[in-house]
Amino acid sequence: MMFFINNKHHVKVGGCASRHSSKGFTTKKNLLRLLLLSLLVGAGISFYICLPNTLFKAPVSSILLSSEGKLLGAHISADEQWRFPPLEKIPEKFKTSIVAFEDKRFYSHFGVDPLAIGRAIKLNLKAGRIVSGGSTISMQVIRLSSHNPQRTFWEKAVEAFKALRLETRYSKDQILNLYASHAPFGGNVVGLEAASWRYFGRGPEKLSWAESAMLAVLPNSPALIHISRKRNKLKAKRDRLLKKIFEQGKISKLDYQLAIAETLPLKPKALPRMAPHLLDTLVAKSRKQQRFETTIDYVLQQRLNQIAKHRAEVLALKDIHNFGIVVIDNKTFETKAYVGNAPTNRATKHGQAIDMVRVPRSTGSTLKPFLFARMIEQGEILPETLVADTSVRYTGYRPKNYDRKFRGAVRAKQALASSLNIPAVNMLSYHGVESFLASLRQMGMSTLHRRSREYGLPLILGGAEGTLWELTAMYANLANRAQQDGEKKTQNYYQAIATKKGNIQTTRRNEISPASAWMTLEALIEVNRPGTGAYWKRFNSTHKIAWKTGTSFGHRDAWAIGTTPQYTVGVWVGHATGKGRRNMTGVRVAAPILFDTFNLLPLNSSWFKKPIDQMKTVKICKDDGFLANDLCDSREYKIPYNSHFDRVTPNHQRVHLDEKNQKRVHGGCESVINMTQESWFVLPPDQAYYYKQYHSDYKPLPEWRDDCQQAQSNQIGSPISLIYPRRNTQIYIPRELAGKRGKTLFKAIHRNPQAQLYWHLDNTFLGTTQTYHEQAIWINEGKHQLTLVDEEGNSITQGFKVLSK
């Protein structure tokens, strides 16, 4: 019984031990499962995160491409490598070559090629050393991204592991792209595109089979590119690859024979520097961008560089070292050529490294056409309207024409074509500085940071700064506007672009109508070309160009900007330091470059079509261009349809003559039946004095008959003219050294040199003058009225305003 019990007890105890043992085994099994699962999860996570988000972080070169995709220039990368930005697509010839040479089963394996690894082990064992690594292109991408670590079995295993992950993240073509963009091609050349331009001078898509094959074998042995050694070995490797491609049926027998006949490049080619300043500017504006696909026309840029080189040599002899040239398409606003400064092979001690196209410089006379167009648009002048060209003085400012002459009065279009300063200042005074300044900003000038009072009337003669880039675009807008139909009444201003992704559209409204733009360009045709006078019109091969020059004060800046219906060309010449140079004018130094540039462009005899449907007909006086009355000979004239020009001629009066038509008479000294009436063209005295020197047909008013000396007080056309102040003049009187306001000098002229004038300011008598009619007056700020009266009762009154400090 005891035994039984013990045995039973033993059995019970044994059963309990068995159950505990089973539970322990299950627990261990679960732990193993959990451990295995953890390992699998860990491996999965490791697999997923084994690659960084960005495989390659090495700096790349900034490159500049033409509109055709040709290389214009490049900046070497920060680590002194020619490493171009990755290509979007690998050319088929290189793709075929690199797969045939490096990884023939590339499109069938999953990142690791077991057959290649087995073959590599066999070869290495047979050779007794490592002669083959069995790496796929995917594994080589991993190795390149890891900066080529030391070759070990562990590194090979890591490469294989990461290559598997690479294949899950990227497509086969993307992996090929990564390889081609980062593989070494000898020296400091990295990547297919850099190698293509460095060794063959063209893009990879233009390479032949032989060239593609040579580049395909280089990453495997980049030292073979040395120009003086191992060239036979390189050619042999290339030819073996070509034979392999031929045997695979990828190329014809003829292509194969031609390919192996090609020689290797003798030496690496220098990368082009066709638009270095444009590249510098684009890089400075877009730090994160490396590939700049521009709108530059490669052939035009190449030819313009040749002209620039020649002109740089000529100007250097005159101690002039800087200039810029821009060519813009008037329809697309694409920049077709860009020379940022004078090309030179010498040290840049004269600032040739500066992009002068984008540097603000004094505008000279280049803004005059825009004032002309604005005043036509506003109904303030017509191209035929006479504008005063006499000695004039504004407070602290006395404009002078370039030739220091006065013409009395000139037509507005002639004043523009001849770039006369005094008429331009008078026109700006009439139009208003503030209004013109606002319109310039609307047109796209971003360099106008001061208030209108600070610019004043010198604004029109170079008192402001502008860039060649913006000014050329403004002229292109004028040409573009002149070609638009009437339906585009709300057309915006466009901005010039240099890259294909640039946006030309702006939100700034173009307030100049096509008719006003056309009339402005017609006036600019009459600008005489340097050294030719008007003879250029006789040559059929010469471009018809509307153009304008400008020269800043002190001869620091010389401008020439011209336009045709197709293109606008802008040229600036000067010194980067701002130094002036005698005889450095727009006509002398900038215009020749302008016409050299136009001679490169396609010759087109078409011109801007007159926008008849956007114009209306008025009658103007033939001799002064104002609206006609019954006192002048008139003709029909087309003006912009929306123009509110309402200025009736002030220069015609009806005069009464004696029977012999020699002397003037009036009702107090002659009976009406004995009088004859004539309409007479009469300019103000100061204008008439100079005008008759240029117009022999101008007839001054006849003298009064002796018994009719007292002229009627209501005669039209006062013999008195106020030279200063002009109508609506705003005067700013500076403080003198003692802190007091200075005097203001008023000046007048009388048709009769012996006449005496009586001066009144705000109904207060100031004094009299004779022969020389000038008065220096202390005057307070505010609005004032100046009245002059002569001995015969003729008078003139002018309002003006003195500004506060």
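Coordinates for the structure precede this section.
Below or above, wherever it landed, is the structure these notes cover. (Residues numbered from 1 in each chain as written. Predicted model: local features only at pLDDT ≥ 70, side-chain atom pairs only at ≥ 80, totals over all residues. Heavy atoms only, no water.)

Description of a nonpolar patch on the surface
Okay, so step 1: Taken together, the side chains of Leu 31, Leu 34 and Leu 37 present a nonpolar region at the surface, about 300 Å² in accessible area.
Okay, so step 2: One can find Leu 31 in helix H1 (residues 2–49). (Patch = residues over 30% accessible without salt bridge, like charges linked within 9 Å, V, L, I, M, F, W, Y side chains within 5 Å. Areas by Shrake-Rupley, 256 points an atom, 1.4 Å probe, with all protein chains shown as cover. Salt bridge = Lys/Arg side-chain N within 4 Å of Asp/Glu carboxyl O. Helix = DSSP H or I, 4+ residues; strand = E, 2+ residues; numbered from the N terminus.)

Describing the pairing of strand E27 (residues 782–790)
Okay, so step 1: Alignment of strand E24 (residues 756–761) against E27, held across 5 bridges, turns out to be antiparallel. Bridge pairing in E27 links Leu 757 to Asp 790.
Okay, so step 2: Linking E27 back to strand E28 (residues 795–803) in an antiparallel pair, the connection comprises 4 residues, with Gly 793 at a positive phi of about 90°. (Pairing = 2+ DSSP bridges.)

Observations regarding helix H19 (residues 514–525)
Okay, so step 1: Taking 1.5 Å per residue, 12 residues should reach 16 Å; H19 reaches 17 Å between its end C-alpha atoms and fits that length.
Okay, so step 2: The buried fraction of H19 amounts to 11 of the 12 residues, a majority that puts the element mostly inside the structure.
Okay, so step 3: Among all positions of H19, only Pro 514, Ala 515, Ser 516, Ala 517, Trp 518, Met 519, Thr 520, Leu 521, Ala 523, Leu 524 and Ile 525 are buried. (Expected span 1.5 Å × (residues − 1). Buried < 20%, exposed > 50% of the residue type's maximum accessible area, 1.4 Å probe, protein only.)

A few points about the environment of Lys 413
Okay, so step 1: The topology assignment puts Lys 413 in helix H14 (residues 412–417).
Okay, so step 2: For the pair formed by Lys 413 and Thr 520, sequence separation is 107 residues and the distance between their alpha carbons is 7.9 Å.
Okay, so step 3: Lys 413 has contacts with Phe 372, Pro 383, Glu 384 and Ala 523, leaving out every residue within four places of it along the chain. (Contact = heavy atoms within 4.5 Å.)

Some details on the packing of aromatic side chains
Okay, so step 1: What the rule picks out here adds up to 13 aromatic pairs.
Okay, so step 2: Their ring planes at 50° and their centres at 4.9 Å tell us that Phe 333 and Tyr 494 sit as a pair that is tilted. Here Phe 333, found in the loop between strand E6 (322–329) and strand E7 (335–339), pairs with Tyr 494, found in strand E12 (residues 492–494); they are 161 residues apart in sequence, far enough to count as distant. The pair Phe 333 / Tyr 494 is uniform in exposure class, with both members buried.
Okay, so step 3: An angle of 80° between the planes, with centres 5.4 Å apart, marks the rings of Tyr 691 and Tyr 698 as edge-to-face. (Phe/Tyr/Trp six-rings, centres within 6.5 Å; stacked < 30°, edge-to-face > 60°.)

Description of unusual backbone geometry
Okay, so step 1: Positive phi values are uncommon outside glycine, yet His 555 reaches one of about 55°.
Okay, so step 2: Note that His 555 resides in the loop between strand E14 (546–551) and strand E15 (557–563).
Okay, so step 3: With a phi close to 65°, Asn 583 is a non-glycine residue in the positive phi region.
Okay, so step 4: The class of Asn 583 is partly exposed, set by a relative accessible area of 37%.

Concerning the packing of helix H12 (residues 298–316) against helix H20 (residues 586–598)
Okay, so step 1: Two elements in contact, H12 and H20, have axes separated by 10 Å at closest approach and are oriented at 160°. Our classification of the angle between H12 and H20 gives roughly antiparallel. Two packed elements cross with a definite hand, and for H12 against H20 that hand is right-handed. Note on element contacts: H20 touches H12 through Val 589, Pro 592, Ile 593, Asp 596 and Thr 597, opposite Leu 304, Ile 307, Arg 311 and Leu 315. (Axes fitted to C-alpha atoms, helices over the stretch in contact; angles between N-to-C directions. Parallel < 35°, antiparallel > 145°, perpendicular 65-115°, else oblique. Left-handed = near helix turned anticlockwise from the far one by under 90°.)

Here's the deal with the sheet that holds strand E2 (residues 71–75)
Okay, so step 1: Taking strand neighbours across the sheet as the criterion, the 3 strands line up as E2-E1-E5 in an open arrangement whose pairing is mixed. This sheet does not close on itself; its edge strands, each paired only once, are E2 and strand E5 (291–293). The average angle at which neighbouring strand axes cross in this sheet is 10°, direction not considered.
Okay, so step 2: Both strand E1 (residues 62–65) and E2 contribute to a ladder of 4 bridges, which runs antiparallel. Bridging across to E2, Ser 62 finds its partner in His 75.
Okay, so step 3: Docked against the sheet, helix H11 (residues 276–285) engages E1, E2 and E5, running at close to 125° with respect to E1.

As for the state of the cysteines
Okay, so step 1: Scanning the model with the defined rule gives 2 disulfides in all.
Okay, so step 2: Sequence-ordered numbering of the bonded cysteines in the chain yields a pairing of 1-2, 3-4. (Disulfide = S-S within 2.5 Å.)

Overview of the environment of Ser 679
Okay, so step 1: Checked against the element boundaries, Ser 679 lands in strand E20 (residues 676–681).
Okay, so step 2: It is 6.3 Å that separates the C-alpha atoms of Ser 679 and Val 655, two residues lying 24 residues apart in sequence.
Okay, so step 3: Discounting chain neighbours no more than four positions away, the residues touching Ser 679 are Asp 630, Leu 631 and Gln 653.

Here we look at the environment of Ile 796
Okay, so step 1: Position of Ile 796 relative to the elements: it lies in strand E28.
Okay, so step 2: Residues Ile 796 and Ser 721, spaced 75 residues apart in sequence, show a C-alpha to C-alpha distance of 7.5 Å.

Remarks on the pairing of E15
Okay, so step 1: Burial within E15 is extensive, with 7 of its 7 residues counted as buried.
Okay, so step 2: Burial of E15 is two-sided: the residues Asp 557, Trp 559, Ile 561 and Thr 563 facing one way and the residues Ala 558, Ala 560 and Gly 562 facing the other way are all buried.
Okay, so step 3: For E14 and E15, the ladder comprises 6 bridges, and the chain directions are antiparallel. Across the sheet, the residue bridging to Ala 546 is Thr 563, located in E15.
Okay, so step 4: Turn length for the E14-E15 hairpin, with the two strands adjacent in sequence and antiparallel, is 5 residues, and the turn residue Gly 554 shows positive phi of about 80°.

Considerations on the nonpolar core
Okay, so step 1: Counting residues in hydrophobic clusters, the biggest one holds 135 residues, and the most contacted among them are Phe 323, Leu 440 and Val 573.
Okay, so step 2: Per-element tally for this core: the top contributor is helix H18 (residues 468–481), with 9 residues.
Okay, so step 3: Those residues in contact with Leu 440, other than ones at most four positions away along the chain, are Leu 367, Phe 370, Met 445, Leu 448, Leu 459 and Met 474.
Okay, so step 4: Ala 100, Ile 137, Leu 224 and Leu 271 belong to the second largest nonpolar core, which has 59 residues in total. (Core = buried A, V, L, I, M, F, W, Y, C linked by side-chain atoms within 4.5 Å.)

Comments concerning the sheet that holds strand E22 (residues 729–732)
Okay, so step 1: One open sheet holds the 5 strands; their spatial order is E22-E28-E27-E24-E25, and the pairing between them is mixed. The open sheet terminates on both sides in strands that have one partner only, identified here as E22 and strand E25 (764–770). Each adjacent strand pair in this sheet contributes to an overall mean axis angle of 30°, direction not counted.

Some points on a positive patch on the surface
Okay, so step 1: A cluster of basic residues, Arg 229, Lys 230, Lys 233 and Arg 240, forms a positive patch on the protein surface.
Okay, so step 2: Mapped onto the fold, Lys 233 is located in helix H9 (residues 231–247). (Lys, Arg positive; Asp, Glu negative; His and termini not counted. Charge placed at Lys NZ, Arg CZ, Asp CG, Glu CD.)

Some words on the pattern of salt bridges
Okay, so step 1: One pass over the full model with this rule turns up 25 salt bridges.
Okay, so step 2: Residues Lys 235 and Asp 239 are paired through a salt bridge, measuring 2.9 Å at the closest nitrogen-oxygen approach. Of the two residues, Lys 235 and Asp 239 both sit in helix H9, 4 residues apart, roughly one turn of that helix.
Okay, so step 3: Classification of Asp 239 by relative accessible area gives buried; the value is 18%.
Okay, so step 4: As a salt-bridge pair, Lys 413 and Glu 384 come within 2.8 Å of each other at their nearest N and O atoms. Taken together, the residues Lys 413 in helix H14 and Glu 384 in the loop between helix H13 (368–377) and strand E9 (386–389) connect sequence positions 29 residues apart.
Okay, so step 5: Given the relative accessible area of 35%, Lys 413 is considered partly exposed.
Okay, so step 6: Taken together, the shared-partner salt bridges in this structure form one network comprising Glu 384, Arg 411, Lys 413 and Arg 635.

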